[in-house]
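Residues per chain, in single letters:
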Amino acid sequence: MLHSERLSSTEKHQSGDLPTLVFLHGFLGSGADWQACLDELTQFERVVIDLPGHGRSQFTKCNDFDDCCKLLNSTLSLLFPSQQPLILIGYSMGGRIAMHGIANQCFSDLNIVGAIVEGGNFGLQTESEKQVRLENDARWAKRFKTEPLERVLNDWYQQAVFSSLNHEQRQTLIAKRSDNLGSAVANMLMATSLAKQAYLLPSLQKQNIPVYYLCGEKDQKFSQLAQRSGLAYRQVEGAGHNVHQEQPQQFAMHIKQIIQSHFGESNENNGNHHG
C-alpha cells in the first residue's frame, strides 16, 4: 500500500458527478508538493499519493514501472469503488508512471477517465539514447546512495531541465528535498529510469482514455515534445519545468478548464477526444 491522503470536496455533488483527482508527484517529491494546487481545486475530491521510495512511502520498494502501477492500482482500488471516475494528474516521474499504466492497461480495476501529464517524457526511441540515460541515472543513483544528500541535490538542481529556477527557488527545493532517504530515492530512480521506459506515445494515441499535456512555456524541451505529440496540450505562461509549483493558480485553472471541456457536456463522448 502506498501512503495516500484524501481530501473531500467542499461542495456537495451527487456522487459520481465529478471525477476524483489523483495527484502523482515527481522524483524527490511527495504528496505535499501539490498543496498550493489542492487549495485551488476544492470543488473536487482530491487524493495525493506518495510514490514508492518517497514521502511516507519511502520504505515501499518497487522494481519497475509495472510494479509501481500495481501498487498504485491496489492503493486506489482500496480507496474507491470500481465505478468512481478518476483523473490521474502526474508530474514528471509521476506522469511517466501514469502514462505507462494507461498505455499498458495496468489500471484495469479502476475507472480512469483521463490523465493530465505535466512535463512527463514519452520515452526514448533509440538504444543509444537509452544507454546514455542508463549510465547517467546509474551515476546519480550511486551518488544518492553514497554521498550527503544536500551535496547531491545541489548538483541535481543545476541540470538544464531546472534552468528556469532562480537561486532562491533552488535553495528552497534543496532544503525541502533533504529529508529524503538517499538509498530509497536511488532505488526508485533506477526502477523508473527513462532508459527502462518504453516509448509510450503510439500506445497512448490508441487508448480511449484521453491524455492531456501541460508544460511551462519556458520549458523548451517539453514544449517541443508536447507540440510534436499529437496530444491535446497547453502551455502555461511564466513557468518552467515545474508548473504546479511555479504557477499553482494557473495550473489549477487549466485543470478545471480541461475537466470542464471534457466532462462539462456529457460523458458520452469520453473516448473520442484527441485534441
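None of these values were measured; they are calculated from a predicted model. In every chain, residue numbers begin from 1 and rise along the written sequence. Per-residue local features of the predicted model are confined to residues with pLDDT of at least 70, and side-chain atom pairs are confined, for both listing and counting, to 80 or more; whole-chain, interface and lining totals are unaffected and use all residues. In computing side-chain properties, one takes all heavy atoms of the structure into account and sets aside hydrogens as well as water.

1. Structural notes on the packing of helix H5 (residues 149–156) against helix H6 (residues 167–177)
Stated formally: A fitted line through C-alpha atoms serves as each axis, taken over the contacting stretch for helices, and the angle formed by two N-to-C directions is quoted from 0 to 180°. We count a stretch as a helix when DSSP gives it H or I for four or more residues in a row; a strand needs E for two or more, and each element gets its number in order from the N terminus. Crossings are assigned a handedness: left-handed for a near helix turned anticlockwise from the far helix by less than a right angle, right-handed for a clockwise turn. Throughout, a residue-residue contact means that at least one pair of heavy atoms, one from each residue, lies within 4.5 Å. Gly is put with the polar residues, along with every residue not named as nonpolar or charged; the nonpolar set is Ala, Val, Leu, Ile, Met, Phe, Trp, Tyr, Cys and Pro, and the charged set is Asp, Glu, Lys and Arg.
At a minimum axis separation of 10 Å, H5 and H6 run at an interaxial angle of 145 degrees. Note that H5 runs across H6; the crossing there is right-handed. Taking contact as the criterion, the partners of Leu149, Glu150, Leu153 and Asn154 in H5 are, on H6, Gln171, Ile174 and Arg177. The residue inventory of the contact of H5 with H6, partitioned by class, reads 3 nonpolar, 2 polar and 2 charged.

2. Some details on the packing of aromatic side chains
In plain terms, the rule: Side-chain rings of Phe, Tyr and Trp (the six-membered ring for Trp) are treated as a pair once their centres are within 6.5 Å; stacked means planes under 30 degrees apart, edge-to-face means over 60, and tilted covers the remaining angles. Throughout, exposure labels follow a simple rule: accessible area from a 1.4 Å probe, protein chains only, divided by the maximum for the residue type, with under 20% read as buried, over 50% as exposed, and the rest as partly exposed.
Under the definition given, this model contains 9 aromatic pairs. Taking the centre distance of 5.0 Å and the plane angle of 50 degrees together, the rings of Phe23 and Trp34 count as tilted. Here Trp34 lies in the loop between strand E2 (20–24) and helix H1 (35–38) and Phe23 lies in strand E2, a separation of 11 residues in the sequence. Comparing Phe23 with Trp34 shows no difference in burial state: the two are buried. The structure contains a cluster of three or more aromatic residues connected by ring pairs, namely Phe27, Trp140, Phe144 and Trp156.

3. Looking at empty space enclosed by the protein
Note the threshold: Every definition here rests on a 1 Å grid over the protein atoms only: cavities are sets of points where a 1.4 Å probe fits but cannot get out, pockets are open sets enclosed by protein on both sides within 12 Å along at least five of seven lines, and lining residues have some atom within 4 Å of a point. Grid points are joined across faces, edges and corners, and a volume is the space filled by probe spheres set on the points.
Applying the stated criterion to the full structure yields 3 cavities of 30 Å³ or more. Empty space within the largest cavity amounts to approximately 50 Å³. Looking at the largest cavity, the residues that line it are Ile87, Val113, Gly114, Ala115, Ile116, Tyr212, Ile258, Ile259, His262 and Phe263. Here the residues of the lining of the largest cavity sort into 8 nonpolar, 2 polar and no charged.

4. Examining the pattern of salt bridges
As a reminder of what qualifies: A carboxyl oxygen of Asp or Glu within 4 Å of a side-chain nitrogen of Lys or Arg is what we treat as a salt bridge.
Scanning the model with the defined rule gives 7 salt bridges in all. One salt bridge connects Arg6 with Glu45, and the closest N-O pair in it is separated by 2.6 Å. One end of the pair, Arg6, is in strand E1 (residues 4–7); the other, Glu45, is in the loop between H1 and strand E3 (46–49), with 39 residues separating them in the sequence. For Glu45, a relative accessible area of 18% translates into the label buried. Arg133 is the salt-bridge partner of Asp137, the closest N and O atoms lying 3.2 Å from each other. Here the residue Asp137 and the residue Arg133 both occupy positions in helix H4 (residues 127–146), the gap between them amounting to 4 residues, near one helical turn. Classification of Asp137 as buried rests on a relative accessible area of 3%. It is possible to trace a salt-bridge network through shared partners that takes in Arg143, Glu147, Arg151 and Asp155.

5. Things to note about the packing of helix H2 (residues 65–79) against helix H3 (residues 93–103)
Short version of the rule: When an angle is under 35 degrees it counts as roughly parallel; over 145 it counts as roughly antiparallel; between 65 and 115 it counts as roughly perpendicular; any other value is oblique.
Across the interface, H2 lies against H3 with an axial gap of 9 Å and an inter-helix angle of 90 degrees. Judged on the interaxial angle alone, H3 and H2 are roughly perpendicular. Of H3, the residues touching H2 (which contributes Phe65, Asp66, Cys68, Cys69 and Leu72) are Arg96, Ile97, His100 and Gly101. Classifying every residue of the contact of H2 with H3 gives 5 nonpolar, 2 polar and 2 charged.

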